[in-house]
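# Chains, contacts and geometry: an overview
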Amino acid sequence: MQEKIIILDFGSQTTQLIGRRVRELDTYCEIVPYNKFPKNDSTIKGVILSGSPFSVYDDAAFKVDLSEIRGKYPILGICYGAQFIAYTNGGTVEPAETREYGRAHLDFILKENPLLKNVSDKSQVWMSHGDTITSLPDTFEVIASTDKVKVAAYQIKNEQVWGVQFHPEAYHSLDGTQMLRNFVVDICGCKQDWSPASFIESTVEELKQQLGDDKVVLGLSGGVDSSVAAVLLNKAIGKNLTCIFVDHGMLRKDEFKNVMNDYECLGLNVIGVDASEKFFNELEGITDPEEKRKIIGKGFIDVFDAEAHKIKDVKWLAQGTIYPDCIESLSITGTVIKSHHNVGGLPEKMNLKLCEPLRLLFKDEVRRVGREMGMPEHLIGRHPFPGPGLAVRILGDITREKVAILQNADEIFIKGLRDWGLYDQVWQAGVILLPVQSVGVMGDERTYERAVALRAVTSTDAMSADWAHLPYEFLGKVSNDIINKVKGVNRVTYDISSKPPATIEWE
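Residues numbered from 1 in each chain as written. Predicted model: local features only at pLDDT ≥ 70, side-chain atom pairs only at ≥ 80, totals over all residues. Heavy atoms only, no water.

Time to look at the overall build of the chain. When you go through the chain residue by residue, the secondary structure sums to 14 helices and 18 strands. Compactness check: the chain gives a C-alpha radius of gyration of 25 Å against a globular reference of 23 Å for 507 residues, within 12% of the reference. Structurally, the chain occupies a C-alpha span of about 75 × 65 × 40 Å along its principal axes. Put simply, the chain has 507 residues, and 58% of those count as buried. Considering only contacts in the chain between residues 6 or more positions apart, those separated by 24 or more positions represent 74%. Carbon and sulfur atoms provide 48% of the accessible area of the chain, an area that totals close to 22,500 Å². Across the chain, the mean location of the 57 positive side-chain charges is 2 Å away from that of the 71 negative side-chain charges. (Helix = DSSP H or I, 4+ residues; strand = E, 2+ residues; numbered from the N terminus. Rg over C-alpha atoms; globule rule 2.2 N^0.38 Å. Buried < 20%, exposed > 50% of the residue type's maximum accessible area, 1.4 Å probe, protein only. Contact = heavy atoms within 4.5 Å. Areas by Shrake-Rupley, 256 points an atom, 1.4 Å probe, with all protein chains shown as cover. Lys, Arg positive; Asp, Glu negative; His and termini not counted. Charge placed at Lys NZ, Arg CZ, Asp CG, Glu CD.)

Looking now at the sheet that holds strand E11 (residues 241-247). Backbone hydrogen bonds are what pair the strands of a sheet, in a parallel or an antiparallel way. The five strands lie next to each other as E12-E11-E10-E13-E14, forming an open sheet whose pairing is parallel. On the outer flanks of this sheet lie strand E12 (270-274) and strand E14 (353-355), each paired with one strand and no other. Put simply, the sheet's adjacent strands are angled 30° from each other on average, direction ignored. Direction of pairing for strand E10 (residues 215-220) relative to strand E13 (residues 314-318): parallel, over a ladder of four bridges. Looking across to E13, one finds that Lys215 is bridged to Val314. Where helix H5 (residues 224-237) meets the sheet, its contacts fall on E10, E11, E13 and E14, and the angle it forms with E10 comes to roughly 160°. (Pairing = 2+ DSSP bridges. Axes fitted to C-alpha atoms, helices over the stretch in contact; angles between N-to-C directions.)

Turning our attention to the pattern of salt bridges. On inspection of all chains with the given rule, the structure shows 26 salt bridges. Of the charged contacts in the structure, one is a salt bridge between Asp225 and Lys363, with a shortest N-O distance of 2.9 Å. In this pair, Asp225 sits in helix H5 while Lys363 sits in helix H11 (residues 363-372), placing the two residues 138 residues apart along the sequence. Since its relative accessible area comes to 9%, Lys363 is described here as buried. Here Glu255 ties to Arg382 by a salt bridge, and the two come within 2.2 Å at their closest N and O atoms. Remark: Arg382 occurs in the loop between helix H12 (377-380) and helix H13 (400-419) and Glu255 occurs in helix H6 (residues 255-265); sequence separation between them is 127 residues. Across the pair, Arg382 and Glu255 agree in class, each one buried. The structure contains a network of salt bridges with shared partners spanning Arg20, Arg21, Glu24 and Asp364. (Salt bridge = Lys/Arg side-chain N within 4 Å of Asp/Glu carboxyl O.)

It is a probe the size of a water molecule, rolled over the atoms, that shows where empty space is left. In this structure, the second largest pocket occupies an estimated 500 Å³ of space. The wall of the second largest pocket is formed by 21 residues, among which Tyr28, Ser202, Thr203, Glu206 and Leu360 lie closest to the centre. Going through the elements one at a time, helix H4 (196-211) and E14 are the ones with two or more residues in the lining of the second largest pocket. If one sorts the elements of the lining of the second largest pocket by residue count, H4 sits on top with six residues. (1 Å grid on protein atoms, 1.4 Å probe; cavity = no way out; pocket = protein on both sides within 12 Å on 5 of 7 lines; lining within 4 Å. Points joined across faces, edges and corners; volume = space filled by probe spheres on them.)

If you want it as structure tokens, here you go:
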């Protein structure tokens, strides 16, 4: 059985980052809602409490009884988690005089404390809080402070319970990984045996047990996630897996043909369906981005369902759902950021059981698993691409003409990134067709044509992203090529927005 760390999610934007940091320590972890701690699980080695958008004294704050956990497992509270432990044990948490956000330095460290082993003097940490712990219960001991925060970190005396006011999971906390290593490896005693190879071995065995001789259908998108899921399932059940690849007409240029060739080389049983006419008809005149997503999502379900019903005795639907899909579709606070085409609808319509072998993996982990299985690098290293395709990169209504313009511009941009050796430095890139026209001049003629925006970002998990600082010479070359070679475009812009506050896609 795979040992694990449990992360109780109190709604923080960085909860997933905690999970990534633990996984980077070659240790398996699971993120669960704050009130859904798994009982009777002998594989749990320790517990981390995340931050939260709430104050611990708010009526709406997420609260949980830790009595069944405390004393049984080592516990680390981060930000809200630390405040919650202190507050529920008689400590005082109050609004800070000024919200502390950004870098701070530890000017007192209790070096002999196991959580702070090998943490450097004046270590930089990342603060993000509006409340602060102003007094601790008598049984608590301060183990680190900053010049503004006395209780930057504490431990309950004679207990394996710690709290830190800062965020060790943040990249800006320079010794954050060391602190998490101290907790996960030294204090909790995890063996660091989580790896792509171990994931493949255990998941293939679990899939064999879960699926038996049942038949499974999987919807392929051409992307990394569904492709890795397909190869993983193929290792487990072979001929009992049938993959369906639906072309909704808004893929990248020549994508359908190229991806079908890739899947054939991987030995997958794939049915390719050109349903572009259906999607163009249903999207005619639609401008609202969420409505576009829903139309494409429903259309995909209808086409997929029709094809799947041609296969006898199918009992399971497999999907390439990964962690960020689940998180963005519905957060713990119930806020929908955007709907994801691969997290709902199909199982209910088709009356099939759901199989999601990658559900607990981040994107970079999916790629590591794919490489471990020997998948080709050009498929594994592909940028993420939205399920609705170019439909959400065309602002306004969808027409065949607009899709063709965008496909041609996108091909120039992506090929340019590859030719200049920039593709692998970028997390995701594409071109957006703007709903405006602008005046230009070509030769001696005045033009009034479309404008496009180039979008390229750097990221590690898509939960946050920064705009890619591409060379001016490259951007100039791409702009010139698009304007000269793509009929109907006379202006190119570059999007320098980060996530947050912007999202990676425009719609």
